[in-house]
Amino acid sequence: MLMKASVSGTGEKTGGIALRNLQKRYGSAVAVDEVSLCVKPGEFISLLGPSGSGKTTTLMMIAGFEMPDSGQILLDDEDITRLPPHRRELGVIFQNYALFPHMTVAENVAYPLRMRRVAKREVEARVHRALDQVDLGALASRRPHQMSGGQQQRVAIARALVFEPPVLLLDEPLGALDKKLREHLRNEIKTLHKEVGKTMIYVTHDQDEALAMSDRVAVMHQGRIRQVSAPQDLYRRPADLFVAGFVGEVNLISAKLKSGVAYGPAGERLPAAPWTDADRDATLCVRPEHLHLDMNPAGSSGGMQGRITGMTFVGDATIFEFRSESGLQLTSKVLNVSAEAMPDVGDSCVAWWAANDATILIE
Ligand SMILES: Nc1ncnc2c1ncn2[C@@H]1O[C@H](COP(=O)(O)OP(=O)(O)OP(=O)(O)O)[C@@H](O)[C@H]1O
Ligand SMILES: [Mg+2]
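Conventions used here
Residues numbered from 1 in each chain as written. Chains lettered and ligands numbered in written order. Predicted model: local features only at pLDDT ≥ 70, side-chain atom pairs only at ≥ 80, totals over all residues. Heavy atoms only, no water. Helix = DSSP H or I, 4+ residues; strand = E, 2+ residues; numbered from the N terminus. Buried < 20%, exposed > 50% of the residue type's maximum accessible area, 1.4 Å probe, protein only. Contact = heavy atoms within 4.5 Å. Pairing = 2+ DSSP bridges. Core = buried A, V, L, I, M, F, W, Y, C linked by side-chain atoms within 4.5 Å. Near = heavy atom within 4 Å. Polar contact = N/O pair within 3.5 Å; in protein donor to acceptor, adjacent residues only side chain to side chain. Areas by Shrake-Rupley, 256 points an atom, 1.4 Å probe, with all protein chains shown as cover. Nonpolar A, V, L, I, M, F, W, Y, C, P; charged D, E, K, R; others polar. Domains from an automatic or database assignment. Buried area = accessible area lost by both parts, 1.4 Å probe. Salt bridge = Lys/Arg side-chain N within 4 Å of Asp/Glu carboxyl O.

Chemist: Break down the overall build of the chain for me, with residues and values.
Modeler: Across its full length, the chain holds 8 helices and 20 strands. If you line up the chain on its principal axes, its C-alpha atoms span 75 × 50 × 35 Å. Taken over 363 residues, the chain has a buried fraction of 49%. The long-range share in the chain, meaning contacts at least 24 apart out of those at least 6 apart in sequence, stands at 68%.

Chemist: Go over the sheet that holds strand 4 (residues 70–75), please, and point to the residues and values.
Modeler: What links the strands of a sheet is backbone hydrogen bonding, and the strands pair in either a parallel or an antiparallel sense. The sheet built from 4 strands is open, its strands ordered 2-1-4-5 with antiparallel pairing. Strands at the two margins of the open sheet, each flanked by one partner only, are strand 2 (29–39) and strand 5 (78–79). Sheet topology places strand 1 (residues 17–26) next to strand 2; 7 bridges connect them, and they run antiparallel. Considered in strand 2, the bridge of Leu 19 is made with Leu 37.

Chemist: With reference to specific residues and values, describe the nonpolar core.
Modeler: Ranked by internal contacts, the top residues of the largest apolar core, which has 34 residues, are Val 109, Val 127 and Ile 189. For this core, the elements supplying multiple residues, two or more each, are helix 2 (105–115), helix 3 (120–133), helix 4 (149–161), strand 7 (167–171), helix 5 (179–196) and strand 8 (199–204). Among the elements that make up this core, the one with the highest residue count is helix 4 (6 residues). Residues contacting Val 127, with those up to four places away along its chain left out, are Ala 106, Val 109, Ala 110, Leu 113 and Val 162. Core analysis: the second largest hydrophobic core is formed by 27 residues, Leu 19, Ile 80, Leu 90 and Ile 201 among them.

Chemist: Got a sec to walk through the site of ligand 1? Specific residues and values, please.
Modeler: Taken together, Tyr 26, Ala 31, Pro 50, Ser 51, Gly 52, Ser 53, Gly 54, Lys 55, Thr 56, Thr 57 and Glu 172 make up the full set of residues near ligand 1. Between ligand 1 and Ser 51, the relevant distance is 2.6 Å, taken from an oxygen atom to a side-chain nitrogen or oxygen of the residue. Take Gly 54: an N or O atom from its main chain is 3.0 Å from an oxygen atom of ligand 1. Bound to the protein, ligand 1 loses 55% of the 630 Å² it would expose on its own. No other element matches helix 1 (residues 55–63), which puts 3 residues into the shell around ligand 1. Of the residues belonging to the shell around ligand 1, the class tally is 3 nonpolar, 6 polar and 2 charged.

Chemist: Break down the domain arrangement of the chain for me, citing the residues and quoting the values.
Modeler: The domains assigned to the chain are domain 1 (17–242) and domain 2 (249–361). Here the C-alpha centroids of domain 1 and domain 2 sit 40 Å apart. Contact residues are listed per partner, giving 8 residues for domain 1 and 11 residues for domain 2. Between domain 1 and domain 2, roughly 760 Å² of surface is buried when both sides are summed, and carbon and sulfur atoms account for 46% of that area. Summed over the shared surface of domain 1 and domain 2, the result is 1 salt bridge.

Structure follows, in structure tokens:
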């Protein structure tokens, strides 16, 4: 459900948000733990994490519906930590975007303005503009039950936009919709973001959604932010094992780093960027699409001997299961782009990857 946001502010806010050491406990459980984050004006940032990682609690503290135990929230350098929600000028869209069933679309969108006693003519103009922004101008006189889930969600977005808040907070707004519609609407939200240029903080547990939509993604786990990065960096250079495993598929290969070289479980040399620090144990992270299975391995610079133990056709790609002689189970993803013969189950081969495609993690 959309919560009220204020229209009484200056309207000059640029929408930069800073969280400083936010802490929130429920009883003895820490829901949000020392969260710090700077969101630039106009940025689209996602809070991504598994269930219970503290995403909603963080968003509710920004919106003002939960009070932090400690820490600070700044909007354009103004401390809003203790302000009530309606004085924060933030548009909020929740997962269950309940519209008022007895009101038309236009009345739903107008509601927050009416609450603020905005003049009637001004209300009409603003509602019109907000509905146009979400391409629903033609359906203004419908009632919610006469619309699809996706259209209702767009009404909820229009209702949040009608205030012209500098910041929109969205908590899993597409969670209740089917996959196709979700993908369609995420493109629409992205387009809307480009058009209106507002700061958007978007909560999701869907990695694809976060990677596809965001300028940056903050990955949360057990109340903490583990990494904040642009999608490409998050995927290519995960900061720790949690992020590596949560964002996309990954092969984790335990290795020993010795005199600058990585060695696998059977003492085989593994492709990895030269290691300049002291010798130690590490984990190499290699994405399935970077793991190649070579039937004629002459010339490859290190890798693992083994056999193909399974293959699955998934439409655009084939997923190979590989078992190394040392017993490690790895996955390789090969795009089905050519009619070339593919290796088969039982074939022996060498699994290898480019040195730069392996992320070395030390924990
Ligand atoms: N009102 C509350 N009272 C007690 N515990 C709460 C309350 N709200 C949240 N929690 C707890 O705080 C932790 C973080 O919850 P939060 O709702 O922020 O997670 P989330 O990341 O949004 O998860 P989901 O993806 O399931 O929505 C959880 O362990 C949750 O059980
Ligand atoms: Mg939540």
